[in-house]
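Topology and contacts: notes
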Amino acid sequence: MSYVLVTGGAGFIGANLCRELLKRGESVICADNYCTGSYANVSALSGKGDFKAVEADITDPAFERIAAAAAGTRGIKRIYHLACPASPVHYQKDPIMTARTCFEGSLNVLKLARDTGARVLLASTSEVYGDPLEHPQKESYRGNVNPDGPRACYDEGKRIAETLFFDAKRKWNVDIRVVRIFNTYGPFMAVSDGRVVSNFINQALKGKPLTIYGDGLQTRSFMYVDDLIRGLLGMMEQTVSSGPVNLGNPEEHTMLEAAEMVKMVTGSASELVFEPLPKDDPTRRRPDITLARELFGFSPSTSFFEGLKKTCGYFHNSAMDIDFQP
Ligand code: NAD
Ligand code: UDP
């Protein structure tokens, strides 16, 4: 049976996706350089079903050869292309590497798809809309991105990755799918990830103050990872559209509301501390998911409150023995 390749498979979303694919009886190769993900996220999968973890960097010119060799004569039928740091803290640490991952890495993945005939899905992002002037965001919105700011390595990186995908479809006839993922959270996020949900939960579990950036009135729409995984699989297997298609949960909250909900779920008495708002931090974000609903019946079913409870359970165990800052 041919393989499903997951680039970035040892990261937060990748670890959840690899598990679901194996549950569905697929043979899975996880390719990751472990820069933000961890082998520990997938080590338990070896020996459970047909699973291989390969240490590889998608920017390596040898990436196509390495991935094809891992699949051998069985070949690759699907590629979920997730490899890229996603937390602002991590993608800004080495911005040139982030941009290279989006451009050179995506190009290597597309060449692999071209040469193996695999269908390939790009995990793009709501960040392509930048600080949106249209609300909620539909796929037709072209975005408001600062090309010179600290978030540009990621925002513009994902925009060029989308461009490469559509050019590979036009020039090489690669069978592509592009999804734009809105803020997602859940088990297998790293304790040190730096994104808001994992920060708040880990701060609350340790009785530390919850760090609100700016006045906390900026909004995000949070999707639980199980809903996203259903969306990724649905988009991959439908045959009507290459995308781009939004995947998110339209339930929108301010960061102050998110902090209060985390305190409620954890039973924490932590105070809130206010820290400076990072540059170019988008003021609001909410997906219009009409297209995903029409194409493959996408309908996120986990409320933010329910998802937080499940995620707290995960962090409660992993946060105990890791010294987390802040
Ligand atoms: P993550 O940082 O947990 O996972 C990314 C994985 O990619 C990690 O395992 C990392 O080691 C790997 N990686 C990074 N650069 C690589 C490279 N050059 N070669 C090989 N592996 C590399 O992040 P995540 O939240 O799981 O995000 C996965 C994908 O989904 C990313 O492409 C991200 O842009 C996209 N996305 C995520 C969200 C979200 O809210 N989580 C939102 C929008 C888009
Ligand atoms: N944020 C916050 N406290 C934190 C981490 C983030 O208030 O400890 C804010 C951040 O400024 C942004 C929102 O939460 O407005 C979401 O940030 P995150 O890094 O999770 O994702 P983004 O959507 O910005 O990529």
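See above for the structure.
Residues numbered from 1 in each chain as written. Chains lettered and ligands numbered in written order. Predicted model: local features only at pLDDT ≥ 70, side-chain atom pairs only at ≥ 80, totals over all residues. Heavy atoms only, no water.

1. As for the overall build of the chain
What counts here: In this text, helices come from DSSP runs of H or I with a minimum length of four residues, and strands from runs of E with a minimum of two, each type numbered from the N-terminal end. To get the radius of gyration, use the C-alpha atoms; to get the globule rule, take the number of residues to the power 0.38 and multiply by 2.2 Å. In this scheme, a residue with accessible area under 20% of its type's maximum is buried, one over 50% is exposed, and one in between is partly exposed, where area comes from a 1.4 Å probe on protein chains only. Should any heavy atoms of two residues lie within 4.5 Å, those residues are counted as being in contact. Here the Shrake-Rupley method, with its probe set to 1.4 Å, supplies the accessible areas, and only the displayed protein chains count as covering residues.
When helices and strands are tallied, the chain shows 10 helices and 13 strands. For a compact globule of 326 residues, the expected C-alpha radius of gyration is about 20 Å, and the chain comes in at 19 Å, within 12% of that figure. In terms of principal-axis extent, the alpha carbons of the chain reach across some 55 × 45 × 40 Å. Every one of the 326 residues in the chain was classed for burial, and the buried ones make up 55%. Once local pairs closer than 6 in sequence are excluded, the contacts in the chain between residues at least 24 apart make up 81%. Carbon and sulfur atoms provide 53% of the accessible area of the chain, an area that totals close to 13,400 Å².

2. Here's the deal with the packing of helix 8 (residues 255-266) against helix 10 (residues 304-318)
What counts, and what does not: Here an axis means a line fitted to C-alpha atoms, over the contact stretch when the element is a helix, while the angle between two N-to-C directions is reported on a 0 to 180 degree scale. With respect to orientation, any angle under 35 degrees is reported as roughly parallel, any angle over 145 as roughly antiparallel, any angle of 65 to 115 as roughly perpendicular, and every other angle as oblique. For any helix crossing, the convention is left-handed if the near helix is rotated counterclockwise from the far helix by under a right angle, and right-handed if that rotation is clockwise. Gly counts as polar in this scheme, as do all residues outside two lists: the nonpolar Ala, Val, Leu, Ile, Met, Phe, Trp, Tyr, Cys and Pro, and the charged Asp, Glu, Lys and Arg.
The interhelical angle for the contact between helix 8 and helix 10, taken along N-to-C directions, is 55°, at an axis separation of 10 Å. Classified by the interaxial angle, the pair formed by helix 8 and helix 10 is oblique. Crossing of helix 8 over helix 10 shows right-handed handedness. Here helix 8 contributes Ala258, Met261, Val262, Met264, Val265 and Thr266 to the contact with helix 10, which in turn contributes Phe304, Phe305, Leu308, Lys309 and Cys312. Here the residues of the contact of helix 8 with helix 10 are counted per class, giving nine nonpolar, one polar and one charged.

3. Some thoughts on the packing of aromatic side chains
Rules: By convention, a stacked pair of Phe, Tyr or Trp rings (six-membered ring in the case of Trp) has centres within 6.5 Å and planes under 30 degrees apart, an edge-to-face pair has planes over 60 apart, and any other such pair is tilted. Geometrically, a charge over a ring is one whose NZ (Lys) or CZ (Arg) sits within 6 Å of the ring centre while staying within 35 degrees of the ring normal.
Applying the stated criterion across every chain yields a total of 11 aromatic pairs. When the centroid spacing of 6.4 Å and the interplanar angle of 85° are considered together, the rings of tyrosine 185 and phenylalanine 222 count as edge-to-face. Taken as a pair, tyrosine 185 in strand 7 (residues 184-185) and phenylalanine 222 in the loop between strand 9 (219-221) and strand 10 (223-224) lie far apart in primary sequence, 37 residues in all. Relative accessible area serves as the criterion here: at 2%, phenylalanine 222 is assigned to the buried category. Ring geometry for phenylalanine 296 against phenylalanine 298: centres 6.3 Å apart, planes inclined by 55°, an arrangement best described as tilted. By the ring-pair criterion, three or more aromatic residues cluster together here, those being Tyr185, Phe222, Tyr224 and Phe304. Across the ring face of tryptophan 172, the terminal group of arginine 114 is positioned such that the distance to the ring centre comes to 4.3 Å.

4. Overview of the site of ligand 2
As a reminder of what qualifies: Throughout, the term near means that a residue has one or more heavy atoms lying within 4 Å of the molecule or strand in question. The definition of a polar contact used here is a pair of N or O atoms within 3.5 Å, where within protein one atom must be able to donate a hydrogen and the other to accept one, and adjacent residues in sequence count solely through side-chain atom pairs.
In the vicinity of ligand 2, 18 residues are found, and the nearest of them are Val196, Thr211, Arg220, Asp281 and Arg285. At 2.9 Å from an oxygen atom of ligand 2 is found a side-chain nitrogen or oxygen belonging to asparagine 199. Threonine 211 has a polar backbone atom sitting 2.6 Å from a nitrogen atom of ligand 2. Coverage of ligand 2 by the protein chains reaches 95% of its 520 Å² of free accessible surface. When contributions to the shell around ligand 2 are tallied by element, the ones reaching two or more residues are helix 6 (196-205) and strand 8 (210-213). Residue classes in the shell around ligand 2 are distributed as seven nonpolar, five polar and six charged.

5. What to know about the pairing of strand 2 (residues 27-32)
This is how it is decided: Strand pairing requires that DSSP identify at least two bridges connecting the strands. Looking down the strands as they point away from the viewer, one classifies a crossover as right-handed if the path from the first strand across the helix to the second runs clockwise.
Counting buried positions over the six residues of strand 2 gives six, a clear majority of the element. Where burial is concerned, the two faces of strand 2 agree: the one with Ser27, Ile29 and Ala31 and the one with Val28, Cys30 and Asp32 are both buried. Judged from the five bridges that link them, strand 1 (residues 3-7) and strand 2 form a sheet pairing that is parallel. Within strand 2, the residue paired with leucine 5 across the bridge is isoleucine 29. A crossover connection joins strand 1 to the parallel strand 2 through helix 1 (residues 12-23); in handedness this β-α-β unit is right-handed.

6. So, the side chain of threonine 7
When you line up the elements, threonine 7 lands in strand 1. At a separation of 2.8 Å, a polar atom in the side chain of threonine 7 contacts the side chain of histidine 81. Every residue in contact with threonine 7, bar those within four places of it in the chain, is listed here: Ala31, Ile58, Phe63, Ile79, Tyr80, His81, Leu82, Ala83 and Val109.

7. Quick notes on the side chain of glutamine 137
By the element assignment, glutamine 137 lies in the loop between strand 5 (119-125) and helix 5 (152-172). For glutamine 137, a relative accessible area of 0% translates into the label buried. When sequence neighbours within four positions are dropped, the list of residues in contact with glutamine 137 reads Tyr129, Pro132, Phe182, Asn246, Arg284, Arg285, Arg286, Pro287 and Asp288.

8. As for the sheet that holds strand 11 (residues 245-247)
Spatial ordering of the open sheet is given by 3-2-1-4-5-6-11, a layout of seven strands whose pairing is parallel. Only two strands of the sheet have a single partner each, and these edge strands are strand 3 (51-55) and strand 11. Ignoring strand direction, the axes of neighbouring strands in this sheet form an average angle of 20°. Sheet strands in contact with helix 4 (residues 95-116) are strand 1, strand 4 (76-81), strand 5 and strand 6 (176-181), and its direction is about 165° off that of strand 4. Lying on the sheet, helix 5 is in contact with strand 4, strand 5 and strand 6; it crosses strand 5 at an angle near 155°.

9. Examining helix 1
For clarity, the cut-off: Given a helix with a known number of residues, its expected span is that number minus one, times 1.5 Å.
With 12 residues, helix 1 ought to run about 16 Å at 1.5 Å a step, and its terminal C-alpha atoms sit 17 Å apart, in line with that. Most of helix 1 sits out of view: nine of its 12 residues are buried. Those residues of helix 1 that sit buried are Phe12, Ile13, Gly14, Ala15, Asn16, Leu17, Cys18, Leu21 and Leu22. Immediately beyond the C-terminal end of helix 1, within one or two residues, lies glycine 25, with a positive phi of roughly 85°.

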